[in-house]
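Given next are the chains, with one letter for each unit.
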Amino acid sequence: MYVGEGQRPPALLDVLQWIEAEQLRVNIELKHDVPSRRALIVALARVLRASGCSPERVILSSFHPGMVAATALTLRHLPSAWLVHSEQRFVKTAPCWRELGAAAVHPERTLTTRSRVAQWQRRGALVNVWTVNDPGEATDLAALGVDGLISDLPG
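What you see is a predicted model, and the numbers here were worked out from it, not measured in a lab.

## A few points about the overall build of the protein
Then comes step 1: A tally of regular secondary structure across the protein gives 5 helices and 6 strands.
Then comes step 2: Tracing the protein from N to C terminus, the helices and strands come up as α-β-α-β-α-β-β-α-β-α-β.
Then comes step 3: Rg of the C-alpha trace for the protein: 16 Å, near the compact-globule value of 15 Å for 155 residues, within the 12% margin.
Then comes step 4: When the backbone C-alpha atoms are referred to their principal axes, the protein occupies close to 40 × 35 × 25 Å.
Then comes step 5: Counting only residues that meet the buried cut, the protein has 35% of its 155 residues in that class.
Then comes step 6: Expressed as a percentage of contacts within the protein between residues at least 6 apart in sequence, the contacts between residues at least 24 apart total 45%.
Then comes step 7: Accessible surface computed for the protein: about 9,100 Å², of which carbon and sulfur atoms make up 54%.
Then comes step 8: Of the charged side chains in the protein, 17 are positive and 15 negative, and the gap between their average positions amounts to 11 Å.

This is the structure in structure tokens:
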């Protein structure tokens, strides 16, 4: 796989070491359509230990409730988050992110309203909105009181 001008994507270990050196934070999205979710979590734990990256620099997220629960249970020292999009029944029912062991809710930007942000935060969740690539939209979301933004253009 290649990106940009033919560069290879960096390995997670390299990204984590860079994050630590630059004192940044990273959201690691875990996909659930892997041969073994357990093997993925074990490998992730090994890379995280090897990287020397501080736990406060990392948050693990997934759209799949089972993956959120598994990371929250297995990697207890790292916060986990439930990624939420408009097609999920979650949006229409009572929030259940806490039952999954998640520390955060990561809603799609189109789902983010002042009342939803306030409701999630009152219940103790961090609210980090995805995918925000427009500076004006970022400013508007910050005014709603979100805790963070997930972007493809972090600069």
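## Considerations on the nonpolar core
Then comes step 1: Formed by 17 residues in total, the largest nonpolar core has its most connected members in Trp82, Trp97, Val105, Trp120, Val127, Val129 and Val146.
Then comes step 2: When contributions to this core are tallied by element, the ones reaching two or more residues are strand S3 (80–84), helix H4 (114–122), strand S5 (126–129) and helix H5 (135–143).
Then comes step 3: In this view, Val129 contacts Pro107, Glu108, Arg109, Thr112, Leu141, Val146, Gly148, Leu149 and Ile150; residues no more than four positions away in its chain are not counted.
Then comes step 4: Counting residues in each nonpolar core, the second largest holds 15 residues, with Leu16, Leu44, Met67 and Leu75 among its members.

## Some words on the pairing of strand S4 (residues 104–107)
Then comes step 1: The side-chain alternation of S4 yields two buried faces, one formed by Ala104 and His106 and the other by Val105 and Pro107.
Then comes step 2: In this sheet, S4 lies alongside S3 in parallel orientation, the contact comprising 4 bridges. Within the sheet, the bridge partner assigned to Leu83 lies in S4 and is His106.
Then comes step 3: Where S4 and S5 come together, 2 bridges link them in parallel fashion. In the strand pairing of S5, Ala104 is matched with Leu126.
Then comes step 4: Following the backbone out of S4, through H4 and into the adjacent parallel S5, one traces a crossover that is right-handed.

Parameters at a glance
- As a convention, each chain's residues are numbered from 1 in the sequence order in which they are written.
- Only residues with pLDDT of 70 or above have their local features reported here, since the model is predicted, and side-chain atom pairs are shown and tallied only from 80 upward, although totals for entire chains, interfaces and linings are computed over all residues.
- Based on all heavy atoms of the structure, the side-chain values leave hydrogens and waters out of the count.
- Helix and strand assignments follow DSSP, with helices taken as H or I runs no shorter than four residues and strands as E runs no shorter than two, numbered in order from the N terminus.
- With C-alpha atoms as the basis for the radius of gyration, the globule rule is written as 2.2 Å multiplied by the number of residues raised to the power 0.38.
- Exposed residues in this analysis have more than 50% of their type's maximum accessible area, buried residues have under 20%, and partly exposed residues fall in between, with area computed by a 1.4 Å probe over protein chains only.
- Here, two residues are considered to be in contact whenever any of their heavy atoms come within 4.5 Å of each other.
- Calculation of accessible area relied on Shrake-Rupley with a 1.4 Å probe; when residues are assessed, cover is drawn exclusively from the protein chains displayed.
- Only four residue types enter the charge count: Lys and Arg as positive, Asp and Glu as negative, with His and the chain ends excluded.
- Charged groups are reduced to one reference atom each: NZ for lysine, CZ for arginine, CG for aspartic acid, CD for glutamic acid.
- Put simply, buried Ala, Val, Leu, Ile, Met, Phe, Trp, Tyr and Cys residues joined by side-chain atoms within 4.5 Å make one nonpolar core.
- Each pair of strands is called paired provided DSSP finds at least two bridges between the two strands.
- Convention used here: a crossover is right-handed provided that the path from the first strand, over the helix, to the second strand proceeds clockwise when the strands point away from the viewer.

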